[in-house]
Amino acid sequence: KLSIAKLSPRWQWVVGTGIGFNEVNARFWESAKWQLLICLIVMTIIVVPVVIFAQRLNRGLGAELSEVLVLVRDVANGDLTEREHRKADENSIYGSVVRMRSALRDMIGSISGAVDRLHSISDDIVRKAETSNAMAEDQSTNTIKIASAAEEFNMQTKNAMQQAQVATGQTDSA
């Protein structure tokens, strides 16, 4: 038992009180039970919504956060290769990133095909331009030859006309 006593200065009385250790323990555990019960209730009120939120978040992500992060980083770094990944709901972030990776890969493949076609078309244009240039050079050469032949024909015609005039003059004088 624990006791305490004190002298009252005004009345000069000794006032004392005491409590047994069994009673102290009983009161402590009675209070502790209620406090523990209140703590458990408060913890339940806090933990249940957190667990529900975590489950919804995990369902929304479609995979563990680390897996989602690895996939997003791979796509952001330009790695569009198909790998075995977990099946995820298409409406989840993970499923959306998998669809985005596939769409990007298809789009890049289409762009690559278009670039190849443009390269082929440009090569064809260059070949046709070279052929056209060669034909223009041939035509220019042939035009120069025709002009030269026409000039020669003109000179021969003038020469023949002069000879005809001389012959006419000789015929008239004879």
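Our subject is the structure that appears above.
Structural notes, computed from the coordinates. (Residues numbered from 1 in each chain as written. Predicted model: local features only at pLDDT ≥ 70, side-chain atom pairs only at ≥ 80, totals over all residues. Heavy atoms only, no water.)

Section: unusual backbone geometry
For step 1, the next point in the chain: Positive phi values are uncommon outside glycine, yet glutamine 12 reaches one of about 60 degrees.
For step 2, the next point in the chain: Mapped onto the secondary structure, glutamine 12 falls in the loop between strand 1 (2–7) and strand 2 (14–19).
For step 3, the next point in the chain: With relative accessibility at 52%, the residue glutamine 12 sits in the exposed group. (Helix = DSSP H or I, 4+ residues; strand = E, 2+ residues; numbered from the N terminus. Buried < 20%, exposed > 50% of the residue type's maximum accessible area, 1.4 Å probe, protein only.)

Some words on a nonpolar patch on the surface
For step 1, the next point in the chain: A cluster of nonpolar side chains, contributed by Leu36, Ile38, Leu40, Val42, Met43, Ile46, Val47, Val50 and Val51, occupies part of the molecular surface with about 780 Å² of accessible area.
For step 2, the next point in the chain: Within the secondary structure, leucine 36 sits in helix 1 (residues 21–61). (Patch = residues over 30% accessible without salt bridge, like charges linked within 9 Å, V, L, I, M, F, W, Y side chains within 5 Å. Areas by Shrake-Rupley, 256 points an atom, 1.4 Å probe, with all protein chains shown as cover. Salt bridge = Lys/Arg side-chain N within 4 Å of Asp/Glu carboxyl O.)

So, the nonpolar core
For step 1, the next point in the chain: Residues Val68, Leu71, Val75, Leu80, Tyr94 and Val97 constitute the largest nonpolar core, which totals 6 residues.
For step 2, the next point in the chain: Residue assignment for this core shows that the elements contributing at least two residues are helix 2 (65–76) and helix 3 (93–173).
For step 3, the next point in the chain: In terms of residues, this core owes the most to one element, helix 2, which gives 3 residues.
For step 4, the next point in the chain: In this structure leucine 80 touches Val75, Arg101, Leu104, Arg105 and Ile108, once residues within four positions along its chain are discounted. (Core = buried A, V, L, I, M, F, W, Y, C linked by side-chain atoms within 4.5 Å. Contact = heavy atoms within 4.5 Å.)

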